[in-house]
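# Descriptive structure summary
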Amino acid sequence: MFFVKIKVFICFLLILSGCQFSKYQSTNLKYTHNINIETPNNKYNMLLKKHLDRLFNNQPKKDTNFILKSDISFTSNETLSVSGLNVLQSTKGTVQYSLIDSKSGKTLRSGSVVTFPALSSSSSSLYTNDVSLQHIKERLILSSAKKLYLKIKLIMKKLN
């Protein structure tokens, strides 16, 4: 009898927590807007646009309320490794963005997002160094897209 009461109590808690999570998701969805993302026409900016489109879940037929202009650039510096024997490349990504209201053409917010530096390995092969740098840039693009998405989401919540 005692075990039956415990099972009923656990089921009650699971049902109650499930209702709370569905309530949280419904309040989270009311701030969605369709944003037109504009980037320059190069490889890394197109990857940034693709990741932002996925994060914002843009609908192709829906009218856009806002325009997001963004541009990503990378800076690399030489740093020493922990042992001090090898020279490594430290690469940072910087996204310049501006959020524009499409109806009035007024700039709502502009700024930049900087990612944490990523270290590339040192190798004697030039091909290996180039491929490593390319992979680092792709990871930095994904990281900066997530940061920019969160920043724009906060701006949208303040506008509502």
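Residues numbered from 1 in each chain as written. Predicted model: local features only at pLDDT ≥ 70, side-chain atom pairs only at ≥ 80, totals over all residues. Heavy atoms only, no water.

### Things to note about the nonpolar core
Counted only if it meets this: Buried Ala, Val, Leu, Ile, Met, Phe, Trp, Tyr and Cys residues form a nonpolar core when they are joined through side-chain atoms within 4.5 Å. Under the scheme applied here, a residue whose accessible area is under 20% of the maximum for its type counts as buried, over 50% as exposed, and between as partly exposed, the area being computed with a 1.4 Å probe on protein chains only. Secondary structure elements follow DSSP: runs of H or I no shorter than four residues count as helices, runs of E no shorter than two count as strands, and numbering proceeds from the N terminus. The contact rule is simple, with two residues in contact once any of their heavy atoms fall within 4.5 Å.
Judged by nonpolar contacts, the single largest core of 25 residues is most densely connected at Ile35, Leu52, Phe56, Leu68, Leu148 and Ile152. The set of elements that each furnish at least two residues to this core consists of strand E1 (35-38), helix H2 (43-56), strand E2 (66-80), strand E3 (87-101) and helix H3 (126-159). Broken down by element, this core gets its largest block of residues, nine residues, from H3. Those residues in contact with Leu148, other than ones at most four positions away along the chain, are Leu52, Leu68, Ser70, Val95, Tyr97 and Val113.

### Describing the side chain of Ser90
One can find Ser90 in strand E3. Classification of Ser90 as buried rests on a relative accessible area of 11%. The residues touching Ser90, leaving out its near neighbours within four places in the chain, are Thr75, Ser76, Asn77, Thr79, Pro117, Ala118 and Leu119.

### Section: a nonpolar patch on the surface
Heads up, the condition is: Grouping into patches uses exposed residues only, defined as over 30% relative accessible area, and leaves out salt-bridged ones; the cut-off is 9 Å for like charges and 5 Å for nonpolar side chains (Val, Leu, Ile, Met, Phe, Trp, Tyr). Using a 1.4 Å probe, accessible areas were evaluated by the Shrake-Rupley method; residue-level cover was limited to the displayed protein chains. Basic side-chain nitrogens of Lys or Arg form a salt bridge, by our definition, when they fall within 4 Å of a carboxyl oxygen of Asp or Glu.
Taken together, the side chains of Phe2, Phe3, Ile6, Phe9, Ile10, Phe12, Leu13 and Leu14 present a nonpolar region at the surface, about 890 Å² in accessible area. Topologically, Leu13 is positioned in helix H1 (residues 2-28). Overall, Leu13 belongs to the partly exposed group, its relative accessible area being 42%.

### A few points about the pairing of E2
Put simply, the test is: If DSSP finds at least two bridges between two strands, the strands pair.
As paired strands, E1 and E2 are joined by four bridges and run parallel to one another. Residue pairing in the sheet places Asn36 in a bridge with Ile67 of E2. In this sheet, E3 lies alongside E2 in antiparallel orientation, the contact comprising 15 bridges. Directly across from Phe74, in E3, lies its bridge partner Gly93.

### Structural notes on the packing of H2 against H3
Formally: Here an axis means a line fitted to C-alpha atoms, over the contact stretch when the element is a helix, while the angle between two N-to-C directions is reported on a 0 to 180 degree scale. For classification purposes, angles smaller than 35 degrees are called roughly parallel, those larger than 145 roughly antiparallel, those between 65 and 115 roughly perpendicular, and all remaining angles oblique. By definition, any crossing whose near helix is turned counterclockwise from its far helix by less than a right angle is left-handed, and any crossing with a clockwise turn is right-handed. Three categories are distinguished: nonpolar for Ala, Val, Leu, Ile, Met, Phe, Trp, Tyr, Cys and Pro, charged for Asp, Glu, Lys and Arg, and polar for the others, with Gly belonging to the last.
At a minimum axis separation of 9 Å, H2 and H3 run at an interaxial angle of 40 degrees. It follows from the interaxial angle that H2 and H3 lie oblique. Crossing of H2 against H3: the hand is right-handed. Counted together, Lys43, Tyr44, Leu47, Leu48, His51, Leu52, Leu55 and Phe56 of H2 and Gln134, Lys137, Glu138, Ile141, Leu142, Ser144, Ala145, Lys146, Leu148, Tyr149 and Ile152 of H3 form the full contact between these two elements. Of the residues that constitute the contact of H2 with H3, the class distribution is 12 nonpolar, three polar and four charged.

### Some words on H2
Put simply, the test is: Multiplying 1.5 Å by the residue count of a helix minus one yields the expected span of that helix. This arc is taken over the directions from the axis of the helix to the C-beta atoms.
For H2, spanning 14 residues, the distance from its first C-alpha to its last is 20 Å, which sits close to the expected 20 Å at 1.5 Å a residue. Those residues of H2 not exposed but buried are Tyr44, Asn45, Leu47, Leu48, His51, Leu52 and Phe56. Projected onto a plane normal to the axis of H2, the buried residues spread over an arc of 160 degrees and lie on a single side. Residues of H2 that are buried in the fold lie against E1, E2, E3 and H3. Two residues or fewer past H2, Asn57 is found with a positive phi of approximately 55 degrees.

### With respect to the packing of aromatic side chains
Spelled out, the test is: Classification of ring pairs rests on two measures: the distance between centres of Phe, Tyr or Trp rings, Trp counted by its six-membered ring, which must be within 6.5 Å, and the angle between planes, read as stacked under 30 degrees, edge-to-face over 60 and tilted in between.
In the structure shown here, the tally under the stated rule is two aromatic pairs. With a centroid separation of 5.1 Å and an interplanar angle of 70 degrees, the aromatic rings of Phe56 and Tyr149 are classed as edge-to-face. Here Tyr149 lies in helix H3 and Phe56 lies in helix H2, a separation of 93 residues in the sequence. In this pair, the class of Phe56 matches that of Tyr149, namely buried.

### Overview of the confidence of the model for the protein chain
This is how it is decided: Each residue carries a pLDDT value, the predictor's own confidence for that position, ranging from 0 to 100.
Put simply, the protein chain has an average pLDDT of 84, and 87% of its residues get 70 or more. Looking over the protein chain, one finds the lowest element-wise mean pLDDT in H1, namely 68, and the highest in strand E4 (residues 107-114), namely 93.

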